[in-house]
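# Coordinate analysis (summary)
If you want the building blocks of each chain, they are given just below.
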Amino acid sequence: MPEDRVPEWLIDRDTHGMETLAKGEDGWCAAVDPNTSRCGIYDERPAICRKYAMGSPSCRDERHKWFGATIPTLVHML
Ligand code: SF4
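Residues numbered from 1 in each chain as written. Predicted model: local features only at pLDDT ≥ 70, side-chain atom pairs only at ≥ 80, totals over all residues.

Let's shift gears to the overall build of the protein chain. Assigned secondary structure in the protein chain consists of three helices and two strands. Relative to its 78 residues, the protein chain shows a buried fraction of 1%. A sequence separation of at least 24 residues applies to 26% of the contacts in the protein chain between residues at least 6 apart. (Helix = DSSP H or I, 4+ residues; strand = E, 2+ residues; numbered from the N terminus. Buried ≥ 20, exposed ≤ 12 C-beta atoms within 10 Å, placed from the backbone. Contact = placed C-beta atoms within 7 Å.)

Every residue near the ligand is listed here: Leu21, Cys29, Ala31, Val32, Cys39, Ile41, Arg45 and Cys49. Taken together, the residues that form the shell around the ligand break down as seven nonpolar, no polar and one charged. (Near = placed C-beta within 6 Å. Nonpolar A, V, L, I, M, F, W, Y, C, P; charged D, E, K, R; others polar.)

To continue, consider unusual backbone geometry. Positive phi outside glycine occurs at Ser37, with the angle close to 60°. Inspection of the secondary structure assignment puts Ser37 in the loop between strand 2 (19-21) and helix 1 (47-51). Taking the C-beta count within 10 Å as the criterion, Ser37 has 8 such neighbours and is therefore assigned exposed.

On to helix 2 (residues 57-67), then. Burial runs low along helix 2: only zero of the eleven residues are buried. In the stretch just after helix 2, Gly68 is the one whose phi turns positive, near 65°.

Within the secondary structure, Glu19 is located in strand 2. The exposure class of Glu19 is partly exposed, given the 14 C-beta atoms found within 10 Å. In the structure, Glu19 is positioned 18 residues away from Met1 in sequence and 9.8 Å away in space, judged by C-alpha atoms.

Moving on, we get to the environment of Cys39. Along the polypeptide, Cys39 turns up in the loop between strand 2 and helix 1. Distance from Cys39 to Cys29, taken between C-alpha atoms, is 8.8 Å for residues ten residues apart in sequence. Here Cys39 is in contact with Ala31, Val32 and Arg45, once residues within four sequence places are set aside.

What follows is about the confidence of the model for the protein chain. The predicted coordinates ought not to be read in detail in places where the model reports low pLDDT. In this model, the protein chain carries a mean pLDDT of 85, and residues with pLDDT of at least 70 account for 87%. Looking across the protein chain, the model is least confident in helix 3 (residues 74-77), with a mean pLDDT of 55, and most confident in strand 1 (residues 11-13), with 93. (pLDDT = per-residue confidence, 0-100.)

Printed below as a string of structure tokens:
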């Protein structure tokens, strides 16, 4: 989004020249702090991240792809 102020080091481009968030070797967004699993640019995260609803159907689908049936949820952690 034009109003995004994502740091240059986090911008990657796909084969069509579209800007994407850079990924680390582990496949996660390069902004994820490996020690805390938190966003390292939270205050400047792009609009797509701001709009993404935690616990939404697409969020659960992605978590299922990564973690399968053993997805840790807040209910499990509390
Ligand atoms: S909120 Fe966005 S920028 Fe931050 S770690 Fe998640 S995907 Fe990356």
